[in-house]
6 protein chains.
Amino acid sequence: MTKKFTHIADDSPSMVDVGEKEITKRTAIAQSFVQLPDEMAEHIQDGEIKTLKGPVFHTAIIAGIQGAKRTFELIPLCHQLNLNKVSVDIQLKDNLLVEIICEARCSGKTGVEMEALTGASVAALTVYDMCKAFSHNIVIKETKLLKKTGGKSDIGQ
Amino acid sequence: MTKKFTHIADDSPSMVDVGEKEITKRTAIAQSFVQLPDEMAEHIQDGEIKTLKGPVFHTAIIAGIQGAKRTFELIPLCHQLNLNKVSVDIQLKDNLLVEIICEARCSGKTGVEMEALTGASVAALTVYDMCKAFSHNIVIKETKLLKKTGGKSDIGQ
Amino acid sequence: MTKKFTHIADDSPSMVDVGEKEITKRTAIAQSFVQLPDEMAEHIQDGEIKTLKGPVFHTAIIAGIQGAKRTFELIPLCHQLNLNKVSVDIQLKDNLLVEIICEARCSGKTGVEMEALTGASVAALTVYDMCKAFSHNIVIKETKLLKKTGGKSDIGQ
Amino acid sequence: MTKKFTHIADDSPSMVDVGEKEITKRTAIAQSFVQLPDEMAEHIQDGEIKTLKGPVFHTAIIAGIQGAKRTFELIPLCHQLNLNKVSVDIQLKDNLLVEIICEARCSGKTGVEMEALTGASVAALTVYDMCKAFSHNIVIKETKLLKKTGGKSDIGQ
Amino acid sequence: MTKKFTHIADDSPSMVDVGEKEITKRTAIAQSFVQLPDEMAEHIQDGEIKTLKGPVFHTAIIAGIQGAKRTFELIPLCHQLNLNKVSVDIQLKDNLLVEIICEARCSGKTGVEMEALTGASVAALTVYDMCKAFSHNIVIKETKLLKKTGGKSDIGQ
Amino acid sequence: MTKKFTHIADDSPSMVDVGEKEITKRTAIAQSFVQLPDEMAEHIQDGEIKTLKGPVFHTAIIAGIQGAKRTFELIPLCHQLNLNKVSVDIQLKDNLLVEIICEARCSGKTGVEMEALTGASVAALTVYDMCKAFSHNIVIKETKLLKKTGGKSDIGQ
């Protein structure tokens, strides 16, 4: 229980110095859920939310990928890194629950957990935005990390 | 149940035309929660997470405010708007549950719900980022809208 | 032929002062074309480029809308403005010619031509990016303004 | 003719995983043209558009370089990469035709074609913006790739 | 001496609420200086730093204008606003002292001082960047506000 | 005295080609000062500017770190690079003089001086912004480089 915070050196916030760390292949997978309101049920078709002609999930996938690439701008102490890959997958589960999975990969000195989490969050916000004309009875639920490899301690094998 | 989607005109996604809408004062309040792991308990002091000397919540507040201002860049079909105010408040509840409240205000033709939700989400992601050195057993929970005024249909009195 | 450049005052580039101009409703429509290579013919289905399962045009529409909103960051002497609407429509014409139409609208002191042109260009670049795995024999052709209303001199009918 | 699309995996758009690709030196050269209206003829001097005292081409060069660096933000499925060099050259040809050449270079796992094309496009849009006070009879023509080295298949030797 | 800080409400930083403020025309003029090293003397020609063929000051003017437009992204508690005008003027004074003047204007609810100061600072940094190949013996000096009109208290007549 | 400018090749500005340079560990430390007005004296407590409850310096530190990461967007001819570390330290000296030190580090082909200088400048502008409600009698003074290692010519001991 004596593990030290790595973000805070001495007196003030600063980005951790990753200069001495090795470059390894890193992956992270994050998950988020969006609970849609009952009003949406009639707009679902073939696993997508078909709204007149624009597919909601496809738009959210694009937004999530772009959001993941901008993590370093949004999260103050995140390092800049060049992602090898970002993917966002969205599935509609029972009871109008939308599951969002975002995977990020890089070859770098620091993990890509925040990139995966940010990609999932931005995709979730975009689903919210595109469905809110019907009802604001929408909840973004349980954003968390499922898996992480390539760092000191892996998670979720 | 014949309410139409406003984001989708004809064939493809587009931003809703708000040209004919009146300028009104609009507010929105969103809420998010972050469940911290038990390991964090000993680092809490005076309602903040005191980590050596960097206050986690203060950093997340700044990130949330900046994130709210960039909503139009992150969410593809959101309109640009000039916020009159953004505030983010963060409180530590029982059982290591962090409550984040983000309020956004503008005088404009379209609501500021997405700005409030984005501000809350970016603050939550920042809390996650600053605590993850201890454990990834962190969950961002229940991001939702509490209140909205100034549009056609108000929410949350 | 003595009309003066409005971007250049005295010695150096500066944004035109639009402080004395009235706020009017302004629209602009721009057009761009992308000539695809013959190799693409077999991947077209129902007016879209169906590639396994990702629709190219839908991605380009999202990119174009987002690009239009960021015109003021890309074009040095453009004013910031809050668009009332952006839409991008993409159609496949004969002979693998892709037509992109971008419309931008705002209530403001300055025209939205550059926003429409930037939206069309970013959509065209995205079509290029998504098709280039097949062949780089792609050309973005004839990006121009079709129509403009709300300013001193209207264009297009 | 069985070459597969690399941007689309399974169901939805995602950035190609370049994690297994080698880092090589990559270059790309793109070209764009802007056809100026006759009204501009009298404002040209020494190969530049001399407008009172602000040089149009110099401004467009700066914009093009900055635009190339932001390609990953504009084009949804482009990878982030750190360019070793960007240059934009602009020449006035006969008949008021402006030729823009943009060269991008990096040491990376993926090509820099989109960076060169984006730099050329943003420079072309900037030329348009700075000349449009005279006439909107301007056309951006023939944006295409001239050369590409360092990847699997080189173009334009 | 009981004037209250307007940026800080209760417990934590937040953007001031300007919702009740009137829209007025606002201007601000900021000044910065860059002291160049002696080595630069031979590269100055006609009031510019002529370096082979690229004019340093022109590049810095473009950078300053673009920087002013992005003030709200850089300064956490600044409001978004749409500038009516930004101009940057640069003059070479005696003894290799570069004077930068940035003027910002808007019609809005809050002042444009930070926009003028940010524009001047980014221009100064750009002058530094373009001259540093000769010597790092460069100092950015005395960035301050010269004038401000349109708010509660004007400065600099 | 025949050292050539590296930013300017032939006719026009371009980013220097760093493709042939080796990757080395690079550091830079920059310094800036902000002279506060006398009115601030009563608001200082424990080395911070305590304003109701928002700490000014902490906000400026966050802004400086984020600003350093965005140097390549602000300074036209700067290369993109992934910083290993950024830190900003702020101390209050005698006579209401605020000293800002920004350190940037990367493993790259080009120096990080501009990142350190930009981080210091953005932090200084943020201090200005948060104190200006009291008085605009504030001056940002003496922004300069203190140290630089890892390149051809080191500076600072």
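Residues numbered from 1 in each chain as written. Chains lettered and ligands numbered in written order. Predicted model: local features only at pLDDT ≥ 70, side-chain atom pairs only at ≥ 80, totals over all residues. Heavy atoms only, no water.

### Topic: the overall build of chain A
The number of helices and strands found in chain A is three helices and nine strands. Each helix and strand of chain A, placed in order from N terminus to C terminus, yields the pattern β-β-β-β-β-β-α-α-β-β-α-β. Looking at the 157 residues of chain A, the share that counts as buried comes to 64%. Put simply, of all contacts in chain A between residues at least 6 apart along the chain, 69% involve residues at least 24 apart. (Helix = DSSP H or I, 4+ residues; strand = E, 2+ residues; numbered from the N terminus. Buried < 20%, exposed > 50% of the residue type's maximum accessible area, 1.4 Å probe, protein only. Contact = heavy atoms within 4.5 Å.)

### Examining helix α3 (residues 113–131) of chain F
Between its terminal C-alpha atoms α3(F) stretches 27 Å, which fits the 27 Å expected from 19 residues at 1.5 Å a residue. In terms of burial, α3(F) is largely enclosed, as 19 of its 19 residues are buried. (Expected span 1.5 Å × (residues − 1).)

### Details of the pairing of strand β8 (residues 97–108) of chain A
Residues and elements named next belong to chain A. Two elements, strand β3 (residues 24–35) and β8, share twelve bridges in a ladder whose sense is antiparallel. If you follow T24 over to β8, its bridge partner there is G108. Summarising the sheet, strand β7 (residues 83–92) and β8 pair through nine bridges and their orientation is antiparallel. Its bridge partner being in β8, D89 is matched across the sheet by I101. From the end of β7 to the start of β8, which pair antiparallel, there are four residues, and N95 there has a positive phi angle of about 60°. (Pairing = 2+ DSSP bridges.)

### Some details on the relation of the copies chain E and chain D
Superposition record for chain E on chain D: RMSD 0.0 Å, screw rotation 180°, translation along axis 0.0 Å. Taken together, the rotation and translation describe the operation of a two-fold axis. Interface overlap between copies: 100% of the residues of chain E at the interface are likewise at the interface in chain D, consistent with a symmetric, same-surface contact. (Least-squares fit on C-alpha atoms with pLDDT ≥ 70 in both.)

### Comments concerning the packing of helix α3 (residues 113–131) of chain C against helix α3 (residues 113–131) of chain D
It is at 11 Å that the axes of α3(C) and α3(D) come closest, and there the two elements cross at 165°. It follows that α3(C) is roughly antiparallel to α3(D) by the angle criterion. Here α3(C) runs over α3(D); the crossing is right-handed. Across the interface between the two elements, M114(C), L117(C), T118(C), S121(C), L125(C), Y128(C) and D129(C) of α3(C) pack against M114(D), L117(D), T118(D), S121(D), L125(D), Y128(D) and D129(D) of α3(D). (Axes fitted to C-alpha atoms, helices over the stretch in contact; angles between N-to-C directions. Parallel < 35°, antiparallel > 145°, perpendicular 65-115°, else oblique. Left-handed = near helix turned anticlockwise from the far one by under 90°.)

### Section: the nonpolar core
Membership of the largest hydrophobic core comes to 276 residues, with the highest contact counts inside it found for I100(A), I100(B), I100(C), I100(D), I100(E) and I100(F). If sequence neighbours within four positions are ignored, I100(A) has contacts with A30(A), Q31(A), S32(A), V34(A), V88(A), D89(A), I90(A), A120(A), A123(A), A124(A) and V127(A). (Core = buried A, V, L, I, M, F, W, Y, C linked by side-chain atoms within 4.5 Å.)

### Quick look at the interface of chain E and chain D
Accessible area lost upon the coming together of the parts serves often as the stated size of an interface. If you look at the interface, chain E gives six residues, while chain D gives six residues. Interface of chain E and chain D: buried area, both sides summed, is about 570 Å²; carbon and sulfur atoms make up 56% of it. Applying the counting criterion to the chain E and chain D interface returns zero salt bridges. Counting across the chain E and chain D interface gives three residue pairs in polar contact (both at pLDDT 80 or more). Among the elements that take part in the side of chain E that touches chain D, helix α1 (residues 56–69) of chain E stands out by supplying four residues, more than any other. Of the residues in the side of chain E that touches chain D, the class split is two nonpolar, three polar and one charged. (Buried area = accessible area lost by both parts, 1.4 Å probe. Salt bridge = Lys/Arg side-chain N within 4 Å of Asp/Glu carboxyl O. Polar contact = N/O pair within 3.5 Å; in protein donor to acceptor, adjacent residues only side chain to side chain. Nonpolar A, V, L, I, M, F, W, Y, C, P; charged D, E, K, R; others polar.)

### Some points on the confidence of the model for chain A
Residues and elements named next belong to chain A. Scored by pLDDT, chain A comes out at a mean of 88, with 90% of its residues at no less than 70. Helix α2 (residues 71–74) holds the highest mean pLDDT among the elements of chain A, 98, whereas strand β1 (residues 8–9) holds the lowest, 38. For residues 1–10, every residue scores under 50 in pLDDT, and the model assigns this stretch 28 contacts once sequence neighbours within four places are set aside. Here the complex is predicted with pTM 0.94, and the ipTM for its interfaces comes to 0.94. (pLDDT = per-residue confidence, 0-100.)

### Topic: the packing of helix α1 (residues 56–69) of chain B against helix α3 (residues 113–131) of chain B
All names here are of chain B. Where α1 contacts α3, the two axes come as close as 7 Å, and the packing angle between them is 145°. For the pair α1 and α3, the crossing hand works out as right-handed. Here V56, F57, T59, A60, A63, G64, G67 and A68 of α1 lie close against α3, whose contacting residues are E115, T118, G119, V122, A123, T126, V127, M130 and C131. Looking at the contact of α1 with α3 residue by residue, the class counts come to ten nonpolar, six polar and one charged.

### A closer look at the pattern of salt bridges
If you walk through the whole model with that rule in mind, you get 54 salt bridges over all chains. Between E103(C) and R105(C) there is a salt bridge whose closest N-O contact spans 2.8 Å. Note on E103(C): relative accessible area 17%, which makes it buried. Taking relative accessible area as the criterion, R105(C) reaches 26% and is therefore assigned partly exposed. Connected through salt bridges with shared partners, the residues R70(A), E73(A), R70(B), E73(B), R70(C), E73(C), R70(D), E73(D), R70(E), E73(E), R70(F) and E73(F) form a single ionic network.

### A word on the environment of H136(A)
Residue position: H136(A) is located in the loop between α3 (113–131) and β9 (139–149). Under the relative-accessibility criterion, H136(A) is labelled buried at 14%. Expressed as a C-alpha distance, the spacing of H136(A) and L83(A), which sit 53 residues apart in the sequence, is 34 Å. Ignoring any residue separated from it by four or fewer positions in sequence, one finds H136(A) in contact with Y128(A), E113(B), L145(B), K148(B) and I155(B). Side chain to side chain, H136(A) and Y128(A) meet in a polar contact 2.9 Å long.

### Topic: the environment of I61(D)
Within the fold, I61(D) resides in helix α1 (residues 56–69). For the pair I61(D) and V88(D), spaced 27 residues apart in sequence, the C-alpha to C-alpha distance is 5.4 Å. Setting aside anything within four residues of it in sequence, one finds I61(D) in contact with V88(D), I90(D), S12(F) and P13(F).

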